[in-house]
Amino acid sequence: MIKADRVVTSTCPYCGVGCNLQLHVKDDYIFKVTSPFDSPVNHGNLCVKGRFGYDYVYHPRRVTTPLVRRYLLEGKPKPEGREQVFAVSTDGKPISNSLISNLWDWLETDWNTALNIVADNLIRIYKRDGSDAMAAYACAKATNEDNYLLQKMYRAIFRTNNVDHCTRLCHAGSVVALQQATGSSAMSNTASQVIQNDVFIVTGSNTGENHPIIALQMKDAVRQYGAKMIVIDPRRIDLVDFAEMWLPLKPGTNVSVFSAMAHVIVKEGLVNHDFIEKRTEGFNDFIESLDKFTPEYAEEISGVPAEDIRKAARMYANAKKAAIYWGMGISQLSHGTASALALINLAFLTGHIGREGTGLNPLRGQNNVQGASDMGCMPFHYPGYMRVDNDDNAAKWEKTWNIEPGGLSRKLGLTTTEILSHAREGGIRALYIMGENPMMSEPNLNETRKHMQQLEFLVAQDIFMNESGAFADVFLPATPFAEKDGTFSNTDRRVQRVRAAHAPRGQSRVDWQIICDLALRLESKLGADSAKWDYSNPEEILREMGNVNSDYAGITYDRIDKVGLIYPVPDMTHPGTPTLFKESFPRGRGKFHALDYVPVMEEPSDEYPFILTTGRVLEHWHGGTMTRNSALNEAYPEARVEMHPADAEIHGIRNGDPVKVQSRRGEVILRVTVTEKTSVGVVFIPFHFAEAAANLLTNDALDPQAKIPEFKACAVQVFPAREDELLNPDAVLNRGRY
Amino acid sequence: MAITFLMDGKEVTAEENKTLLDIARENGVDIPTICFHEATTANALCRICVVEVEGQRVLQPACIVKAGAGMKVQTRSEKVIRARRTILEMLDSTMDLSETPEIQNMMKDYNADPNRFPDAERRESDVKDDNPMYVRDYSKCLLCWRCVQVCAEDAQYTFAINFDGRGFETQIGTFFGKSIPETSCVLCGQCVAVCPTGALKPKREFLLEQGMSPQEISVLNTGRKQKSKVKGRDDFRPLTGLEER
């Protein structure tokens, strides 16, 4: 038996559920993770990632020394092109068997050299091209404190709002829709309220794999509390086994199904007139727009039987307490905003919002995507969703950051997807990436790579040399959750503590300290007044933010020491706000939106007859920076494309065969899993695997309002391939559950 | 509604529908437990929590028996102590209690004799190391059933494991004796979290015990070296994230 030197309480670094962890540490090594059975979020339950997926912290591939390219260290002119290099020269000699220019070699250096190189180059570009040439990607894996400082550095020093993060790629559609309809942009209720639902809809979310602990609560709601679950999803996800109804719609046809449900609710007189009258506006225009959305019309578009749509609509409308939980299947479309608005309309029609056990609940993906958004890592908003084009808002931050009145930029910044597509002469010239991996997570990666190569200067602050960091000029080794203190805000809006289990490995440093060190160098080289970077601990950072952002005004580390607080927490005695919109919506009345059905940008054709939809699997996380450097990779070692048995038979494809999947933008080779989990005509690829990156295929068409790409539907063809064409033929998935 | 009854001769008042164990704990009366866990459904399998209830023919498991008005309960009568001692002696003679200090302490408390059953056959089993996340050593398993329950409706709704075999041969197993990865197991490790005896253990803790260093353990899953196909391909460069550096 191993006796722990200490047990450190922290918060899981994977998904938005925010499970409470206890890290058991021996000789500065986490050998076991447990969770307290009385934890408010997860009641002691964890998934495979939370309980076992922390070993990447100790992986030998982790970068723990600052790295710069040879051309920078030796003061040579920057060579042509931009090479993606993963290997590091530890002795200053060329990397053996290297086929690439020596000037792009990665060399180890010290922090002083690396940060001065970063500061000098950022300032050179800023002085030459101005604010519009500068941009940063914040990190939904990092803490609130890290993220607050990154946007502060870019806004206060470079005077630009070009700061965004992966919320743009996951729930931007939901955020914009909720802002338009309610004035807020988070889950209205907590996930644990699901057991209070009589009926709940899960749509566009593979909750069992992507929010496993919320899925357990959903299963409890059905099996122990008598709730009825309606799953509306193209895939036969594991929740379907627990559902009262499953509506398998074609990817990207959400608006037709939800609007047809609204049509039925209106037609059959199931609307909540009282709620509509007291709490909403735009009802009459909305009703008119519903005329054409008969269930039969929706059946034609979506493939869901009209009778099932009627039945689902009645169940939802007739329930005393009903809620909707949704994921990327709603938002990752070129009409993602409309898709989320269609759900919001349903809640307004029936009044299933503003009470416990009801609600509109977009399940947030990353552990701290809610927090990174709250911290203002978005191009239109300061912390607290304060618009940047509003003088009063800007003045508050100018005061906080010691900036002359009118000094902060009032111009809306560029979004994640726009930042890279604007990388060119006269556009974005310098990009600072904190912990993101756009070379895996952006759509149409062949195009993304070209954009990356257009950048003049790229800084990566990360823990591994991932596909994006390998393009950088300077690599700053940061620390994972296990080595830093701070806070994460989960999908329930619960702000929870993160605590260091041990010191950073090697020379790596915690993110907020890297940013402060760099910011001070930038200010001194620019001769600028200081916006204040001399924090002695992360709590001071959170307090600085909370003094202006009223949602966080009453949050101190002391108050969230044990169980966290659910914001809004407007003052030091406020107990937190688990349920939003009880009295009113932040915008006053909830706004109905009349919608039209718009098909996805790329529909199947003779040449590309399948719809590809992408997503995740239980064992992996996004671009794989963490999980592919973990034992999790042994549990799920290879990319697979899921295909329905009927399609497989027509194409003569057997389970396990290698195939080539091709879209108009790229191709990947991987093995097939023949399964009824996917529907006829739809294939599914998880996007974690660099060797068969699903995002080589996906469509970079954007939602016009939210700028979110259409990850959930594009047209592909599938061809048989040979075993020797597989890039990783030795890795074979052999799991009973897949 | 509140009820009143006698526990060890003292009058106790408690809410209706509570178990004797809950009420005992509220009143500071110590009743030992082994298979009971606050996060799982109690099944009274191990019987260490038995108490004597006047008028009942046999001893009653306190973890599931609800208190009733007027009950007369003895939590540490001679009969109770003898039963607990025998249970401990039977456990000790058939399984490996080396990682269960709580039960070893109970042995001392109850004056249990480790050699009470010298001819007993021990339930022995090889360590099953068939998945990347945890190992299973059923020599240490006392069949408390918690792992089965959390895999089922007490937590995970996964149903990967159950009792296997009958009588002395009973063991926790997978359906058709498949390896863990081949079952419906989601590798959540909830079974490991509720295991009271160290029969289930995280793989990394197990390797550390085997004398491996954190460095050596980390290298175990560096991933296979990838076949490089990068050259001559003007498409996106794949794989590279998995290359050794």
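Residues numbered from 1 in each chain as written. Chains lettered and ligands numbered in written order. Predicted model: local features only at pLDDT ≥ 70, side-chain atom pairs only at ≥ 80, totals over all residues.

Caption draft 1: Region of the structure containing the overall build of chain A. Looking only at helices and strands, chain A features 24 helices and 31 strands. Scaling as 2.2 N^0.38, a compact globule of 738 residues should have a C-alpha radius of gyration of about 27 Å, and chain A matches this with 25 Å. Structurally, chain A occupies a C-alpha span of about 75 × 65 × 60 Å along its principal axes. When contacts within chain A are restricted to residue pairs at least 6 apart in sequence, those whose partners lie at least 24 apart make up 74%. (Helix = DSSP H or I, 4+ residues; strand = E, 2+ residues; numbered from the N terminus. Rg over C-alpha atoms; globule rule 2.2 N^0.38 Å. Contact = placed C-beta atoms within 7 Å.)

Caption draft 2: Focus on the packing of helix α3 (residues 111-129) of chain A against helix α21 (residues 511-526) of chain A. Residue and element names in this part refer to chain A. Following both chains from N to C, one finds α3 and α21 inclined at 50°, their axes separated by 9 Å at the closest point. Comparing the axis directions of α3 and α21 gives the class oblique. For the pair α3 and α21, the sense of crossing is right-handed. Across the interface between the two elements, L115, N116, V118, A119, L122 and I123 of α3 pack against D517, L518, R521, L522, K525 and L526 of α21. Of the residues in the contact of α3 with α21, the class split is eight nonpolar, one polar and three charged. (Axes fitted to C-alpha atoms, helices over the stretch in contact; angles between N-to-C directions. Parallel < 35°, antiparallel > 145°, perpendicular 65-115°, else oblique. Left-handed = near helix turned anticlockwise from the far one by under 90°. Nonpolar A, V, L, I, M, F, W, Y, C, P; charged D, E, K, R; others polar.)

Caption draft 3: Looking closely at the sheet that holds strand β21 (residues 494-498) of chain A. Strand order in the open sheet made by the three strands is β20-β21-β22 (chain A), with antiparallel pairing throughout. At either end of the open sheet lies a strand with only one pairing partner, and these are β20 (486-489) and β22 (565-566) of chain A. (Pairing = 2+ DSSP bridges.)

Caption draft 4: Expanded view of the nonpolar core. Residue and element names in this part refer to chain A. Ranked by size, the top nonpolar core spans 311 residues in total, and within it M229, I230, M261, Y316, L343 and V683 carry the most contacts. Take this core: its biggest share by element is ten residues, from helix α15 (residues 336-350). Excluding residues that lie within four positions of it along the chain, L343 makes contacts with F258, I324, W326, I330 and L360. (Core = buried A, V, L, I, M, F, W, Y, C linked by C-beta atoms within 7 Å. Buried ≥ 20, exposed ≤ 12 C-beta atoms within 10 Å, placed from the backbone.)

Caption draft 5: Region of interest: the domain arrangement of chain A. All names here are of chain A. By domain assignment, chain A separates into domain 1 (109-169 + 371-484 + 494-555), domain 2 (183-362) and domain 3 (610-725). Computed over C-alpha atoms only, the centres of domain 2 and domain 3 are separated by 27 Å. Of the residues lining the interface, 19 residues belong to domain 2; the matching set on domain 3 comes to 23 residues. Counting only elements with at least two residues in the side of domain 2 that touches domain 3, the list comes to α7 (207-210), α14 (328-331) and α15. Top element by residues in the side of domain 2 that touches domain 3 is α14. It accounts for three residues. Split into classes, the residues belonging to the side of domain 2 that touches domain 3 amount to six nonpolar, ten polar and three charged. (Domains from an automatic or database assignment.)

Caption draft 6: Quick look at the interface of chain A and chain B. Contacts between the two partners involve 55 residues from chain A and, on the opposite side, 47 residues from chain B. Only β3 (29-34), α1 (48-52), α8 (212-223), α20 (445-454) and α23 (632-635) of chain A provide two or more residues apiece to the side of chain A that touches chain B. Per-element tally for the side of chain A that touches chain B: the top contributor is β3(A), with four residues. Residue composition of the side of chain A that touches chain B, by class: 27 nonpolar, 14 polar and 14 charged.

Caption draft 7: Representation of the domain arrangement of chain B. All names here are of chain B. If you check the domain split of chain B, you get domain 1 (1-118) and domain 2 (127-220). Tallying the contact residues gives 14 residues for domain 1 and 15 residues for domain 2. The class makeup of the residues in the side of domain 1 that touches domain 2 is seven nonpolar, five polar and two charged.

Caption draft 8: Representation of helix α9 (residues 254-267) of chain A. Residue and element names in this part refer to chain A. An ideal rise of 1.5 Å per residue puts 20 Å on 14 residues; α9 measures up with 20 Å between its terminal C-alpha atoms. A large share of α9 lies buried, amounting to twelve of its 14 residues. Among the residues of α9, those classed as buried are N254, V255, S256, V257, F258, S259, A260, M261, A262, H263, V264 and I265. Summarising the contacts, the buried residues of α9 are in contact with β10 (228-232), β11 (245-247), α12 (295-302), α13 (306-318), α14 and α15. (Expected span 1.5 Å × (residues − 1).)

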